[in-house]
Amino acid sequence: MAVYEPENPLKTAGGALLAWWRATTLDALIVGLIWWLGLTLIGVPLAPLWALLGGLLQFIPNFGPVLSVCGPAMALLFTDKDWYSYCWLLGLYGLIAAIDGLLIQPYLLKRTARVPWWAAFFGPIVLGIVIPFWGVLLAPPLLAIIFAFRKPKET
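As a starting point, this report considers the structure included with it. Quantities reported herein were computed from a predicted structural model and do not represent experimental measurements. (Residues numbered from 1 in each chain as written. Predicted model: local features only at pLDDT ≥ 70, side-chain atom pairs only at ≥ 80, totals over all residues. Heavy atoms only, no water.)

Details of the side chain of Asp27
Rule in force here: For helices the rule is a DSSP run of H or I covering at least 4 residues; for strands it is a run of E covering at least 2, with both sets numbered from the N terminus onward. A 1.4 Å probe rolled over the protein chains alone gives each residue an accessible area, and that area as a share of the maximum for its type sets the label: buried under 20%, exposed over 50%, partly exposed in between. Charged-residue counts in this description rest on Lys and Arg as positive and Asp and Glu as negative, His and the chain ends being excluded. In what follows, salt bridge is the name for a side-chain nitrogen of Lys or Arg lying within 4 Å of a carboxyl oxygen of Asp or Glu. Note on contacts: a residue pair is in contact if any heavy atoms of the two residues lie within 4.5 Å.
Along the polypeptide, Asp27 turns up in helix H1 (residues 9-42). One buried charged residue, Asp27, forms no salt bridge at all, with the nearest opposite charge on Arg111 at 14 Å. In contact with Asp27, not counting residues within four places along its chain, are Gln58, Asp100, Ile104, Gln105 and Leu108.

This is the structure we're talking about:
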């Protein structure tokens, strides 16, 4: 959890970035497990390898999840699977993208970096409009830093 320290802003920002990194790592682990389960159920060859790559590619915003579909699709192409397997693969990708973007990432950012779900959801969209490519890449760590400087509620 990022700790608010008004006398040491570098420590506050560093703690926020560390919390964001923890959230991103947990997100990658969860997405990798979902990939493994889905690919195994579909019957994709080398499912654990593609799931590991899918989890690791989560660290690359926007492009990583799309790249994670390429390996399983090629594996299905070279193993005489029917077209229904491709449909299941695309459905799995859509399901993972929706669950990750709407539930997992906002939840983890709220738990580790105190970023509200609405900011985690709308921040990349708004920054993507303001700064088209870099805004989407920089939105999650920037949000973690911004919300780290908010004073915690007195209880």
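Structure shown, so let's carry the discussion forward.
Observations regarding the environment of Ala144
Topologically, Ala144 is positioned in helix H6 (residues 132-148). Counting along the chain gives 128 residues from Ala144 to Ala16, while the straight-line C-alpha distance between them is 5.4 Å. Not counting residues within four places of it along the chain, the set of residues in contact with Ala144 comprises Ala16, Trp20, Ala113 and Val115.

Description of the packing of aromatic side chains
A ring pair, where both rings are aromatic, is described by two values, the distance of the centres and the angle of the planes. The cut-off we apply is this: Within 6.5 Å between ring centres, the rings of Phe, Tyr and Trp (the latter by its six-membered ring) count as paired, and their orientation is classed by plane angle as stacked under 30 degrees, edge-to-face over 60, tilted in between.
For the structure on display, the rule yields seven aromatic pairs. Between Trp21 and Phe59, the aromatic rings sit 5.2 Å apart at their centres with planes inclined by 25°, giving stacked as the arrangement. Placement of the pair is Trp21 in helix H1 and Phe59 in the loop between helix H2 (47-56) and helix H3 (63-77), with a sequence separation of 38 residues. Classification of Phe59 by relative accessible area gives partly exposed; the value is 30%. Ring geometry for Trp83 versus Tyr86: centroids 5.1 Å apart, planes at 40°, classification tilted. With Trp83 and Tyr86 both in helix H4 (residues 83-113), this residue pair falls three residues apart, about one helical turn. Clustering of aromatic rings is evident, with ring pairs tying together Trp20, Trp21 and Phe59.

Digging into the packing of H3 against H4
This is how it is decided: Here, axes are lines fitted to C-alpha atoms. For helices the fit covers the stretch in contact, and angles between N-to-C directions go from 0 to 180 degrees. The cut-offs work like this: below 35 degrees is roughly parallel, past 145 is roughly antiparallel, 65 to 115 is roughly perpendicular, and the gaps in between are oblique. By convention, the crossing between two helices is left-handed when the near helix turns anticlockwise from the far helix through less than a right angle, and right-handed when the turn is clockwise.
One way to put it is that H3 packs onto H4 with a least axis distance of 11 Å and a crossing angle of 165°. The pairing of H3 with H4 is recorded here as roughly antiparallel in orientation. Between H3 and H4 lies a crossing of right-handed hand. Residues Pro65, Val66, Val69, Pro72, Ala73, Leu76 and Leu77 of H3 pack against Ser85, Tyr86, Leu89, Leu90 and Tyr93 of H4.

Comments concerning helix H5 (residues 117-130)
Filter applied, for reference: Multiplying 1.5 Å by the residue count of a helix minus one yields the expected span of that helix. Two axes enter the definition of the bend at a residue: one is fitted to the seven residues ending there, the other to the seven starting there, and the bend is the angle between them.
Look at H5: 20 Å from first C-alpha to last across 14 residues, which is about the 20 Å you get at 1.5 Å a residue. At Gly123, H5 shows its largest bend, some 35°, and a proline, Pro124, comes one to four positions later. Along its buried surface, H5 packs onto H4 and H6.

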